[in-house]
Each structure stands twice: as structure tokens, then as C-alpha cells.
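# Fold and contact review
Chain by chain, the residues:
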Amino acid sequence: MFDSLAEKLQATLADVRGRGTLTEDDVNAAMREIRLALLEADVNFKVVKRFTNAVKERALGSDVIGQLNPGQQVVKIVNDELSALMGGESEELKFSSSPPTVILMAGLQGSGKTTATAKLARYLREQHRSSVAVAACDVYRPAAVDQLVTVGGQAGADVYERGTDADPVAIAKWALDRASREGKDVLIIDTAGRLHVDENLMTELAEIKRATSPTDILLVVDAMTGQDAVNVAEQFAEVVQFDGVVMSKLDGDARGGAALSVKSVTGKPILFASTGEKLDQFERFHPDRMAQRILGMGDVLTLIEKAESQFDEQQAKELERKIRRSEFGLDDFLEQLRQIRRLGPLQSLLGMIPGLGGHQLRNLRVDEREFDRIQAIITSMTPEERRNPEIIKGSRRIRIARGSGTNVQAVKALIRQFGQMQRLMKSMQSGKMPDIGALMRQGR
Amino acid sequence: MARDWQDLFITRDGSSAAVQDEPQQQEKRRGFFKRLRENMRKTREALTSEISSTLFENLDEETWEKLEEALIAADVGARTTAEIVEQLEQEADRGELTGGEQLTARLTELLANVARVGDSRIDLTAGPTVLLMVGVNGTGKTTSVGKIAWHLRKELDQKVVLGAADTFRAAAVEQLEEWSRRAGVDFVKGPPDSDPGSVAYEAVAQGVRDRADVVMVDTAGRLHTQDNLMAELAKVRRVIAKQIPDAPHEILITVDATTGQNGLRQAKLFAEAVDVTGIVLTKLDGTAKGGIALAIARELGIPVKLIGIGEQLEDLRPFDPDDFAKALLS
């Protein structure tokens, strides 16, 4: 649906190359693209305005002569500014010096509080070896208590509940007493979803806060939230001064501009990302990754830098020559594979490629061990076999399989796939480098 | 134009609309308008301060910018906003719009026109009519199914069966069961962890057996990017169609009004999987304006059929494009 902003910027500024500096018109054209991309990512329009002004100032003043073309230069400025805006390091929960640490969960209806409560409980049990209890204070939504009993139990937390007839403030107070008595390290209080403009329920939330003096108050924000995220965050900040944010439903394809808006408007850090329906799909939030996701631009710069440092131009020419003459053997394939792998784990490499959004990426699971197996098989061959894979039959196959710790089927499959790849290369007229994607598909 | 439950639903006896006499209808309509306005008060305050102070002045560059920002802030989306603003600018250039008042009126008209797509009514004459509720997690599917069932039962005197095909989320079945009790309608569930298709099948079978008017099937929330779960949804639909060829007759997607531009992706992918026929725009009672519904209507041609403007039963209402446009901007 969206093209990557990085690509758009480079296209917009392509003809500026060589002029040395960016004119105001160039920059304005780039700003229009940035503005549109950020709005489509649901970044609040006021934040967008401030942001484009900051980028514009830097872009106009900057010198674009250098190794990067002007498009890339602006991409870099955008990336820098965005990362700065998202906050640098990922931040941590606070823990009370006199347990239990009390964590109060708040948010709109359907933002994912109950799920986040259970996930956080599990996270703290696993990562901090804490004993955790969760308190069911959502007495309004039918069966919300049942839901917490189930998922809280799955997370290995004690679930403190008193049905739906008690008052939420009373339940919270009672749960805190019980957690202290039972020597829990952490008590997480799940509350009912409430609208930030619902005075009664917001007052109730403030009362729960007063009654339990939470160590941390977390606002759960749906990653798909639009422009309204700012209003929601401001209201919750005013009433309960929350300490941090949990972004939920980040496993979808929403760009998550809400994260940027909330951070920018309230200054509160985003602490956790909830990325799936399973309880263990919950992790510390990384601002830099979010910046890249919002722009859908991948980390082009890193990829370019890495590729430049790893690929020897001389080697590349030699390779081209071999491919043109159909001399590309298993040895060359092995060398290619090693070069690519030197760039880093393939999964993260793919993430740097613009246009490969999170969605496609997750479906394309790269099994690094598969590459280990391929390398093992090739290195178990004699030089002659590597030059001439056709001679690998019967006993050779068995020897290679044994030497590489694989099996005969795997050896056969590799040789067959390599044959297909050779044919593919022959069909390439221009003699350019085989693209990474094609290599990978063959490799699998 | 759908304004009341009798206007939204076409029922088999067809007499329900006639039961109400004119003054009562008027009264009800006023009641609704009042409620919508009250619930959207904050929204309007925010917008009014931005719009009335500028639009009623002259139509200059600043006006267009402010207008654009107001629409963007309502989640209408950059593209739809650009189109609307451009059209208004052109009309102003041609001298067709001269002051702020005219502009506001024309803007409301344009917004309502964008919202007015497809068939905005729901036909319940199939005997039984099967209604499938789909949507992303936390958008209000179960609550909407419960409330619709209540209205169909209490106001339109329909015999309703609810099928709890959300077999995934903890306690979702209990939540719907509670609604079935409140609405006084029949309820079908499977054993724990059962296949959603089999629950849907059972619910439709019971609806046919008991000669129900409406069978409503609730499904688990799923992200539109989860291919396996979207395939599961398509299967639920096929299972239903096996018993009644034209069913499900109505497939509604719940869209949370606070959703941003991703709502368009949601609607698109759900529509590709199961032919969505309408939108239930939920949680309009906050400060979110639900402008994403306009983007969905414009790009995908799927009409909003119901809106949720509060937690009470009567807060789920038939959608009206004019009221929506006014509430968005008045």
C-alpha cells in the first residue's frame, strides 16, 4: 500500500545529484513526501508539523556533496531526527525497594490491557524471577474476570479476584494487602477499559491509584490508533500521570505512528511492545526499530555501508565474468554464501531492505541452519566434485552425506537446486550479479 | 435513510415500522440526536474551536490549511482530505462558495456523500438470515453482537440465535452467553477449544430447526495480517454457506473509531477474505471522530451500517451519513 518513504525521497531528489546543495524547492518537495508518509503512519499532525520543520532546517543547511546522494542524505536526516524524537535507549520499569512493586494497567476499551497484564506477569516471572500476582478490577465487561483468571493462570501468576459485585477500588486495596501478606514481589492491577473523557471512570482510576500508590502506571495503547492517540495520552497523563506505555498489537501492519505521537506529546517512554496473541510475544521496546517501522524505510544506510565494506569489487568482477562464461561452480557459490552471511543474520538483513515490510518478512522464515547445512555439504566435497557436481553419484553421495552430517536426500537436493541456479544464471543476459533473493530461494 | 432500527432492518413481517406513529418517531429521533450530540460534545468542542473561528471569516489560504488539519485530525486520511479540500477550493475559486457558512454546509454535504455508499440497510427476510461478525481484536465484536441481538429481540420482535464462534479468547464465550441472557435470545456454544466452523454450523442448524429469524455468529478477533486466521474465517463462511447457499447474508466488520489509517488495511483484507457488507463503527463516544470510516467508504465502497456511541444498549445505533457528517464538524 505504501511505498517506502526512503525510496520516494530518493526518487524526488534524484535529479539534484551533482548540484552540490539542496534548494528550497527540493526540500519542500521532500517535505511533502515526508508529511504524507507520516500522516499515513498515523503520526499526529501537530507532531508532523514540528518534525518536518526540524528536518527542513537541517536539510537546507546541509552540504550534500559526499558519498551519499541528496536523497540518501535527506533519508539520513529523517532517520536521525526520528530516532531522536523516539528517545534513545530503551527504558526500564521501576521496582519498589519495599515489595510488592505495584503496577497499574490503564487504557481504552479493547486496547489489550488484560492480555498485556498476563504477558507482563509472565515476563517478570521469566526475566526477573519475580513472584507475581494479578488483580482483577474490571468488574464491568462481562467475563473480563474469567478472562484474567484464565490468562493470568497461564502466565503462572496468582489471580486475585472477588467477582464482579465488589467495587474496583476496594478490590485493588484488598489485593494489595493480600500481595503484601503473601510476600509477592509484584502485583499487577488490571482495570476496566475506560474512555479518557468518561469522568466517573477516570475518577475511579485516580482513586485506585490513591489507594494503592503504584510504583509504575502503564498506559496500554493500540498500535493501530489514529490521530486521537494524543488526546487519549494527554487525558490519562493528566488524571493518573502514567509512567510508561505498552504498545499492543504491533504484530499487525500498522505503522504505529501513535507511538511517536504519545512519546512526543507526553514525554513518557514506551517500555514494552506486545507482538502477538501468545503470552511470550512481549518484549522491551526499541525506539530505533520503531522509527524505521514508521517510515517503512528499513535501514538502507546500514545495508549500503555493510555491503560496501564486505564486497570486494575485484571479486565481484571476477564473479560476473564466471557467470557470463557459465563457469560458476559450487566453490563460487560457497564463496557467495559466505560473503552474504558475513553481512549478518539474513533475517535482519532482509529487514533492512525497503519495501519488505514486517508482514512479508514474518512469512519468509529464514532458517540459518539451512545455510550451515549447505556449507557443510559443499565443504565435504572434493575440489573436483565442486567443479563438476554431475559426477556425484552413489558412493560419493553417501560419503558427502556422512562427512557433512546430513543425509543423501539433502545432498541430492542441493545438487539439483544448484543445477537450477546455473540454468538461471545462463538465462541472465546482462551478466549482472545474481540477486540475493534468487540465491536465497535456491539455497532453501 | 437509516435512522432508526425499523429503518435499518427489513424484517419478514414488515409491520414493525408501521407500529410507531409519527410523533413518537420524531421523539425518538430527537432523543437519538441529543444523545449523539452529548456523547460527541468533546469532539465538537475541539472541532468547533478550530473550524468556526476560521471558516466564518474569509476563504483564504489559512482557512484551507485549518480545514485540512481538522479533517486529518479526524482520521479522514491524507488522500480523502486532499480530495475534499481541493474540490472546495475549486468551488470557491469559481465563486460558488462565498463565506464560511456556505463552506461548512458544502463540506458537510461532501462528507455525507462520501459516507453514502452501497446498500446501507440490512435485509432480515431470508428466514433465517445469517449475520457474521468479524474484525480485529478489541474492536467490539462480541459487545456489538450482544447489543444488536437485544435490539432485534426487544424492538423488532425477531427470534434470534447467537453462535459463540470465538473459541479462542479466554472467556469470550461466557461474555456472549451473558449477552444472550440479557437479550433473551437462544445461544449456541461448542465444547472448549472447539472448531469455530463447527460452532457456526451448529448455530445455523439450530436457527433453521427452530425457524429463527436471525442467526448471529460472533468470531474471534484476528489481525488482518494473520493469514492462517483469515483462512479460518473464510472456512467459517463456507461452512455456513453449506447449509444455506446465500448465507451469511450479512457480514459486518467492527472498526474501532480510534483506529487510524490502518483501518483501511483491515477493511480491505477482511473484505478480500469474506466479502464484508457493512461496518459497525464502534467507540464513537470518545474524542475520536471515526473519519477512517469515510476513507473506507470511499476506497472500498463498504457502507457504515451501525455506530456505537456509548456503553449502554441504546448507544448502538443505525448509521446516518448526514448526522455523522454534522457531528464530525458542527
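Residues numbered from 1 in each chain as written. Chains lettered and ligands numbered in written order. Predicted model: local features only at pLDDT ≥ 70, side-chain atom pairs only at ≥ 80, totals over all residues. Heavy atoms only, no water.

With that settled, consider the overall build of chain A. From N to C terminus, chain A includes 21 helices and eight strands. For chain A, the residues scored as buried account for 52% of the 444 residues in total. Within chain A, counting contacts between residues at least 6 apart in sequence, those at least 24 apart form 73% of the total. In the structure as shown, chain A presents an accessible area of about 19800 Å², 46% of it carried by carbon and sulfur atoms. (Helix = DSSP H or I, 4+ residues; strand = E, 2+ residues; numbered from the N terminus. Buried < 20%, exposed > 50% of the residue type's maximum accessible area, 1.4 Å probe, protein only. Contact = heavy atoms within 4.5 Å. Areas by Shrake-Rupley, 256 points an atom, 1.4 Å probe, with all protein chains shown as cover.)

Our next topic: the packing of aromatic side chains. All names here are of chain A. Here the structure, examined in full by the defined rule, presents seven aromatic pairs over all chains. On the basis of an interplanar angle of 75 degrees and a centroid distance of 5.1 Å, the ring pair of Tyr-123 and Phe-272 is categorised as edge-to-face. Note that Tyr-123 is positioned in helix 5 (residues 113-128) and Phe-272 in strand 7 (residues 270-274), a separation of 149 residues in sequence. What makes Tyr-123 buried here is its relative accessible area of 12%. Taken together, Tyr-123, Phe-272 and Phe-282 form an aromatic cluster joined through their ring pairs. Above the ring of Trp-174, the side-chain terminus of Arg-162 is found at 5.0 Å from the ring centroid. (Phe/Tyr/Trp six-rings, centres within 6.5 Å; stacked < 30°, edge-to-face > 60°. Lys NZ or Arg CZ within 6 Å of the ring centre and 35° of its normal.)

The next thing to look at is the interface of chain B and chain A. Taken together, the contact between chain B and chain A spans 43 residues of the former and 35 residues of the latter. Each partner contributes to the roughly 3500 Å² buried at the junction of chain B and chain A, and carbon and sulfur atoms together form 55% of this total. It is Thr-225, Thr-258 and Thr-287 of chain B that lose the most area in chain B upon contact with chain A, and together they represent 13% of the buried surface on that side. Residue Asp-253 of chain A is joined to Arg-265 of chain B by a salt bridge in which the shortest nitrogen-to-oxygen separation is 2.9 Å. Joining chain B to chain A, the criterion identifies 19 residue pairs in polar contact (both at pLDDT 80 or more). Breaking the side of chain B that touches chain A down by element, the ones donating at least two residues are helix 5 (61-73), helix 6 (78-93), helix 9 (172-183) and helix 12 (262-274) of chain B. A class-by-class count of the residues in the side of chain B that touches chain A yields 11 nonpolar, 15 polar and 17 charged. (Buried area = accessible area lost by both parts, 1.4 Å probe. Salt bridge = Lys/Arg side-chain N within 4 Å of Asp/Glu carboxyl O. Polar contact = N/O pair within 3.5 Å; in protein donor to acceptor, adjacent residues only side chain to side chain. Nonpolar A, V, L, I, M, F, W, Y, C, P; charged D, E, K, R; others polar.)

Right, let's get into the nonpolar core. Counting residues in each nonpolar core, the largest one holds 70 residues, and the members touching the most others are Leu-187, Ile-189 and Phe-236 of chain A. Residues from two domains meet in this core; each of domain 1 (1-86) and domain 2 (101-292) of chain A gives at least three. Sequence-distant contacts of Phe-236 of chain A, defined by excluding residues within four places in its chain, comprise Ala-106, Gly-107, Leu-108, Arg-194, His-196, Met-202, Leu-205, Leu-219, Gln-241 and Phe-242 of chain A. Core analysis: the second largest hydrophobic core is formed by 67 residues, Ala-254 of chain A together with Leu-111, Ala-257 and Val-274 of chain B among them. (Core = buried A, V, L, I, M, F, W, Y, C linked by side-chain atoms within 4.5 Å. Domains from an automatic or database assignment.)

Next up on the list: the confidence of the model for chain B. Interpreting fine coordinate detail is not advised for predicted regions of low pLDDT. Residues and elements named next belong to chain B. The pLDDT averaged across chain B works out to 86; a share of 85% of its residues lies at or above 70. Long-range and interchain partners of residues 15-21, a stretch whose pLDDT sits below 50, account for eight contacts in this model, where long-range means more than four residues apart. For residues 46-56, every residue scores under 50 in pLDDT, and the model assigns this stretch 22 contacts once sequence neighbours within four places are set aside. With pTM at 0.75, the complex prediction returns an ipTM value of 0.81. (pLDDT = per-residue confidence, 0-100.)

Here the focus is the side chain of Asp-315 of chain B. Residues and elements named next belong to chain B. With respect to the helices, strands and loops of the structure, Asp-315 is situated in the loop between strand 9 (304-308) and strand 10 (316-318). Accessibility expressed as a relative area gives 2% for Asp-315, which makes it buried. At 3.3 Å, the side chain of Asp-315 and the backbone nitrogen of Glu-311 are in polar contact.

Strand pairing in a sheet relies on backbone hydrogen bonds, with the paired strands running either antiparallel or parallel. Residues and elements named next belong to chain B. With respect to topology, eight strands assemble into an open sheet ordered 5-4-6-3-7-8-9-10, the strand pairing being mixed. The strands lining the two open edges of the sheet, one partner per strand, are strand 5 (186-188) and strand 10. Taken over all neighbouring pairs, the strand axes of this sheet differ in orientation by 25 degrees on average, direction set aside. Inspection of the sheet shows strand 3 (residues 129-135) paired to strand 6 (residues 214-219) by five bridges, in the parallel sense. The partner of Leu-132 across the bridge, within strand 6, is Val-217. (Pairing = 2+ DSSP bridges. Axes fitted to C-alpha atoms, helices over the stretch in contact; angles between N-to-C directions.)

Our focus in this paragraph is the pairing of strand 3 of chain B. For a regular strand, side-chain orientation follows a simple rule: the groups alternate between the two sheet faces. Along strand 3 of chain B, seven of the seven residues are buried, which leaves the element largely enclosed by surrounding structure. Of the two faces of strand 3 of chain B, the one carrying Thr-129, Leu-131, Met-133 and Gly-135 of chain B and the one carrying Val-130, Leu-132 and Val-134 of chain B are both buried.

This paragraph deals with the pattern of salt bridges. Working definition: two side chains of opposite charge can pair if their charged atoms are close together. Counting across every chain of the model gives 42 salt bridges over all chains. The residue Glu-178 of chain B makes a salt bridge to Arg-181 of chain B at a minimum N-O spacing of 3.1 Å. Of this pair, Glu-178 of chain B and Arg-181 of chain B both sit in helix 9, three residues apart, which is roughly one turn of that helix. For Glu-178 of chain B, a relative accessible area of 23% puts it in the partly exposed group. Put simply, Lys-49 of chain A together with Glu-65 and Glu-69 of chain B are held in one network by salt bridges that share partners.

Take the packing of helix 5 of chain B against helix 6 of chain B next. Residue and element names in this part refer to chain B. The interhelical angle for the contact between helix 5 and helix 6, taken along N-to-C directions, is 150 degrees, at an axis separation of 9 Å. Here helix 6 runs roughly antiparallel to helix 5, going by the angle between their axes. Crossing of helix 5 over helix 6 shows right-handed handedness. Facing helix 5, whose interface residues are Trp-64, Leu-67, Glu-68, Leu-71 and Ile-72, helix 6 presents Ala-78, Thr-81, Ile-84, Val-85, Leu-88, Glu-89 and Ala-92. (Parallel < 35°, antiparallel > 145°, perpendicular 65-115°, else oblique. Left-handed = near helix turned anticlockwise from the far one by under 90°.)

Moving on to the pairing of strand 7 of chain A. All names here are of chain A. With five of five residues buried, strand 7 lies mostly within the body of the structure. Pairing of strand 6 (residues 244-248) with strand 7, which is carried by three bridges, proceeds in the parallel orientation. Within the sheet, the bridge partner assigned to Val-245 lies in strand 7 and is Ile-270. This β-α-β element, strand 6 to helix 10 (residues 257-266) to strand 7, shows right-handed connectivity. Pairing analysis gives three bridges linking strand 7 to strand 8 (residues 282-284), with the strands arranged antiparallel. In the strand pairing of strand 8, Phe-272 is matched with Arg-284. (Right-handed = clockwise from strand over helix to strand, strands pointing away.)

Attention now moves to unusual backbone geometry. Residue Pro-100 of chain A follows Pro-99 of chain A across a cis peptide bond; omega there is 0 degrees. Cis geometry marks the peptide bond from Gly-127 of chain B to Pro-128 of chain B; its omega dihedral reads -10 degrees. Following the sequence through the fold, Pro-128 of chain B ends up in the loop between strand 2 (122-123) and strand 3. At Asp-75 of chain B, a position not held by glycine, the phi torsion is positive, near 70 degrees. Its place among the elements puts Asp-75 of chain B in the loop between helix 5 and helix 6.

Residues and elements named next belong to chain A. If you trace the eight strands from one edge of the open sheet to the other, you get 3-2-4-1-5-6-7-8, paired in mixed fashion. Of all the strands in the sheet, the pair left with one neighbour each is strand 3 (158-160) and strand 8. With strand direction ignored, the average angle separating the axes of adjacent strands in the sheet is 25 degrees. Bridge count for strand 1 (residues 101-107) against strand 5 (residues 216-222) is five bridges, and the pairing is parallel. In the sheet register, Leu-104 faces strand 5, and the bridge partner there is Ile-217. Against the sheet, helix 7 (residues 168-181) touches strand 1, strand 2 (132-137), strand 3 and strand 4 (186-191), its axis set at about 165 degrees to strand 2.

A separate point is helix 6 (residues 144-154) of chain A. Residues and elements named next belong to chain A. For helix 6, the full list of buried residues reads Ala-144, Val-145, Gln-147, Leu-148, Val-151 and Gly-152. The buried residues of helix 6 all sit within an arc of 150 degrees when viewed along its axis, so they share a single face. Within two residues after helix 6, Gly-156 carries a phi angle of roughly 80 degrees, on the positive side. (Arc of directions from axis to C-beta.)

Residue and element names in this part refer to chain A. Across the interface, helix 7 lies against helix 8 (residues 199-212) with an axial gap of 9 Å and an inter-helix angle of 20 degrees. With respect to each other, helix 7 and helix 8 are oriented roughly parallel. For the pair helix 7 and helix 8, the sense of crossing is right-handed. Where helix 7 abuts helix 8, its residues Pro-168, Val-169, Ala-172, Lys-173 and Leu-176 lie against Glu-204, Glu-207, Ile-208, Ala-211 and Thr-212. Tallied by class, residues from the contact of helix 7 with helix 8 come to six nonpolar, one polar and three charged.

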